[in-house]
Amino acid sequence: SQQRAVAGQWFHRMPAASMMPFRGVARIWSPARQLLAVQVRGKHALPSWATVDPDAMCSSSPGIGRNLCGGEWSDAAKTMDVIDPMNGEVMIKVPDTDFSEIGPYVERMKNCPRSGLHNPLKNPERYNLLGEVCAKAAQEMRKPEVKYFYARLIQRLTPKSWVQANAEPTITRKFLENYSCDQVRYLAKSFGVSGDHTGQNSTGIRMPFGGCGVVTPFNFPLEIPALQTLSGVFMGNQITTKVDEKVQLCVEQFLRMMHHVGLPKTDVDLIYSRGPVMNQILVDGNARMTLFTGSQHVAEKLCSDLKGKVKLEDAGFDWKVLGPDPMDVEYVAWQSDQDAYAFSGQKCSAQSMLFVHENWNKEGIVEKLAEAASKRNLKDLTIGPVMTWSTKRFMAHVEACLKIPGATLAFGGKPLTGHTIPEVYGAVEPTAVRIPIESLKDPECFKVAISELFGPFQVIVDWKEGQLPLVLQMLNGMENHLTAGVVSNDIRFLQHVLGNTISGTTYAGIRARTAGAPQQHWFGPSGDPRAGGIHTPEAIKLCWSSHREIVYDFGPVAADWKGTQS
């Protein structure tokens, strides 16, 4: 009872906005933990379709994940443990599906008709069904307890601030609203062209591929897999989805919610597995198209294994250029801090390299950025665990950058202290290394500087009037072209930079950013025929359907017609 009392007092002192993971409470025995979960939930009841309680998951009462295949939920012979990123204790157990267990997934993918589950000429009723499902799902996600459930689950799986965690269910709900009612039908809108004679015309329609795959990373456990999976279903495909096993529990809960509001259970299969197992399913199942979001190395392997039948939103080393006309300096510093360090820099759109014009240095932009970064802390999770880089590996990359001639540590560069984050993850202050642009003319130095560190790290490059050609050379010399920001209201400067770069999602103007893409605009790389996108009708049609032309020719044949051989 004393432990229960202590736990209750601790909760009531906790900042309401942060809802931080229970670092110091994880070791309290299970009854006390369950009591605390009830207190935390307060007025938010657990959704009826939910099978886990994000506030109660702990080593003595772990959340349980399950596979979905052919409309049936099931387990695997073995399980994987998922640890709490804040203290290293097991909080979830999920299936560890083996190669010997993938047969049903392979058969489902292989046997899906090439013409899909629906298309403009087959089962068009499904367009209406899916529009209705989206409307009901959006309504479900407007419930406070549902929004809280997703945000809290996201925060437990990938610790990020409460604002960042809330953004995912909000964007997902707006996406569902955007594709409610007739909007799914409009994705398959056709067009016609008149023919050469009476009774002839050609019609272009959008056709699905059939059995397809979605593979997504840890950093957005809800938004990316949910939106891409549904986008594939909208166009008539049958989808097999795999998310990083550390966070897949979130999209499992999303699918359970979608079933609750009417999505057919056989539209999507979900598998917990290691990467090579999913790779084998895609190969053996002859996946007709796979949407992959993640590392460039895996993207290239999938492209080879699947014979190019992929759409990619792979690694993002994203740049921002501060132009020659500084203004709104406080705002620009705040936005640059957000772009580089929100969610500890673990976004594919995170600002990785900041080109600072000499006029901005006169305004103290780097000092203001350092001040903003220094305010980030574990208490409100504005800085948190780095999920794919250990502290040792992180610091080694910082040291490699500091060996570049003229490089200096702008700020950060120290491990975090006073925490229980396990060693397998990173825990480092927001960090920036400052490098003279002249040093990056050396190819080896440039290669080191543009190596993506998926964490709270960026390279600051100083440039002066007359060096814009060199800046552009470096921007176009990067391997990835996902997002970018051009911070300037000088229209001629903007036109020159925009006209000579290729990043797929580029923000331009004094309020330009690199991260935080909302649901209403395209997000995806450019400069690669394999580039995929998310959010918009254009992205959905590009990734999840192909063009088909049907030429109708009904006649009549003229009574005096005579054919001539040729």
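Quantities reported herein were computed from a predicted structural model and do not represent experimental measurements.

### Concerning the overall build of the protein chain
Summing up its helical and strand segments, the protein chain has 19 helices and 20 strands in all. The C-alpha radius of gyration computed for the protein chain amounts to 26 Å, which stays within 12% of the reference 24 Å derived for 566 residues, consistent with globular compactness. With respect to the three principal axes, the spread of C-alpha positions in the protein chain is 90 × 70 × 40 Å. Looking at the protein chain as a whole, 58% of its 566 residues are labelled buried. In the protein chain, 75% of the contacts between residues at least 6 apart in sequence involve partners at least 24 apart.

### Examining the sheet that holds strand E16 (residues 431–436)
The sheet built from seven strands is open, its strands ordered E15-E16-E17-E14-E13-E18-E19 with mixed pairing. Each edge of the sheet is formed by a strand with only one pairing partner; in this case those strands are strand E15 (408–411) and strand E19 (505–508). Between one strand axis and the next, the sheet turns through 20° on average, direction left out of account. For strand E14 (residues 351–357) and strand E17 (residues 457–463), the ladder comprises five bridges, and the chain directions are parallel. Directly across from Phe355, in E17, lies its bridge partner Val461. Set on the sheet, helix H18 (residues 491–499) makes contact with strand E13 (318–322), E17, strand E18 (483–487) and E19; between it and E18 the angle comes to about 160°.

### Describing the nonpolar core
Ranked by internal contacts, the top residues of the largest apolar core, which has 140 residues, are Tyr150, Phe234, Phe254, Met353 and Phe355. One finds Cys69, Ile102, Tyr105 and Ala299 within the second-largest nonpolar core, a separate group that totals 19 residues.

### Focus on the packing of aromatic side chains
Any aromatic ring pair is given by two values, namely how distant the centres are and how the planes are angled relative to each other. One pass over the full model with this rule turns up 14 aromatic pairs. Taken together, the aromatic side chains of Trp49, Phe149 and Tyr150 make up a single cluster linked through ring pairs. One residue, Arg256, lies across the ring of Trp73, its end atom 3.8 Å from the ring centre. The ring centre of Trp389 lies 3.7 Å from the NZ or CZ of Arg393, which sits over that ring.

### Brief notes about the packing of helix H4 (residues 125–141) against helix H6 (residues 162–178)
Direction vectors running N to C along H4 and H6 enclose 150°, while the axes themselves pass 8 Å from each other. Comparing the axis directions of H4 and H6 gives the class roughly antiparallel. Judged by the sense of rotation from one axis to the other, the crossing of H4 with H6 is left-handed. In this structure, H4 contributes Cys134, Ala137, Ala138 and Met141 to the contact, and H6 contributes Pro169, Thr172, Arg173, Leu176 and Glu177. Of the residues that constitute the contact of H4 with H6, the class distribution is six nonpolar, one polar and two charged.

### A word on the pattern of salt bridges
Applying the stated criterion across every chain, the model contains 24 salt bridges. Between Lys93 and Asp81 there is a salt bridge, and its shortest N-O distance comes to 2.6 Å. Of this pair, Lys93 sits in strand E5 (residues 90–95) while Asp81 sits in strand E4 (residues 79–83), and the two are 12 residues apart along the sequence. For Asp81, a relative accessible area of 45% gives the class partly exposed.

### Some points on the sheet that holds strand E20 (residues 546–553)
An order of E6-E7-E20 is seen for the three strands of this open sheet, with the pairing classed as antiparallel. Because the sheet does not close on itself, it has two edges, and the strands there are strand E6 (191–194) and E20. If you compare each strand with its neighbour and ignore which way they point, the axes differ by 20° on average.

### Notes on the packing of helix H10 (residues 275–284) against helix H11 (residues 296–305)
Running from N to C, H10 and H11 point in directions that differ by 25°, and their axes come no closer than 10 Å. Judged by the inter-axis angle, H10 sits roughly parallel to H11. In the packing of H10 onto H11, the handedness of the crossing is right-handed. Two secondary-structure elements touch here, H10 through Asn279, Leu282 and Val283 and H11 through Lys301, Leu302 and Asp305.

### Overview of unusual backbone geometry
The amide bond that connects Gly555 to the next residue, Pro556, takes the cis arrangement and shows omega of 15°. Position of Pro556 among the secondary structure elements: in the segment after E20. Although it is not a glycine, Phe343 sits at a positive phi angle of roughly 50°. Within the secondary structure layout, Phe343 lies in the loop between helix H12 (329–341) and E14. In this model, Ser344 sits at a positive phi of 55°, which is unusual for a non-glycine residue. Take Ser344: it is sitting in the loop between H12 and E14.

### Quick word on H4
Compared with the 24 Å implied by 1.5 Å per residue over 17 residues, the 25 Å span of H4 between its first and last C-alpha is a close match. Residues of H4 that are buried include every one of Arg126, Tyr127, Leu130, Gly131, Val133, Cys134, Ala137, Ala138, Glu140 and Met141, and no others. Buried-residue contacts for H4 involve helix H5 (144–157), H6, helix H7 (183–187), helix H8 (223–234) and helix H9 (249–260).

Rules and cut-offs
Numbering of residues begins from 1 in every chain and follows the order in which that chain's sequence is written. At least 70 in pLDDT is required for a residue's local features to be given in this predicted model, at least 80 for side-chain atom pairs to be given and counted, and no such filter applies to totals for whole chains, interfaces and linings, which use all residues. The basis for every side-chain value is the complete set of non-hydrogen atoms in the structure, without hydrogens or water. Helical segments are the DSSP runs of H or I of at least four residues, strand segments are the runs of E of at least two, and each set is numbered from the N terminus. In this setup the radius of gyration rests on C-alpha atoms only. A globule is expected at 2.2 Å times the number of residues raised to 0.38. Classification of residues uses two cut-offs on accessible area relative to the type maximum, computed with a 1.4 Å probe and protein chains only: under 20% is buried, over 50% is exposed, and between them is partly exposed. Whether two residues touch is decided by their heavy atoms; if any such pair falls within 4.5 Å, the residues are in contact. Following DSSP output, two strands are said to pair if at least two bridges run between them. Every axis corresponds to a line fitted to the C-alpha atoms, with the helix fit spanning only the stretch in contact, and the corresponding angles, defined between N-to-C directions, vary from 0 to 180 degrees. Nonpolar core, defined: a set of buried Ala, Val, Leu, Ile, Met, Phe, Trp, Tyr and Cys residues in which side-chain atoms within 4.5 Å join the residues together. Aromatic contacts are taken between Phe, Tyr and Trp rings whose centres are within 6.5 Å, Trp giving its six-membered ring; a plane angle under 30 degrees counts as stacked, one over 60 as edge-to-face, and the others as tilted. Placement of a charge over a ring requires the Lys NZ or Arg CZ to be within 6 Å of the ring centre, with the centre-to-atom vector within 35 degrees of the ring normal. Each angle receives one of four descriptions, namely roughly parallel if under 35 degrees, roughly antiparallel if over 145, roughly perpendicular if within 65 to 115, and oblique otherwise. For a crossing to be left-handed, the near helix must be turned anticlockwise from the far one by less than a right angle; the clockwise case is right-handed. Classification used: nonpolar for Ala, Val, Leu, Ile, Met, Phe, Trp, Tyr, Cys and Pro, charged for Asp, Glu, Lys and Arg, polar for all others including Gly. Each reported salt bridge corresponds to a side-chain nitrogen of Lys or Arg within 4 Å of a carboxyl oxygen of Asp or Glu. For a helix, the expected span equals 1.5 Å multiplied by the residue count minus one.

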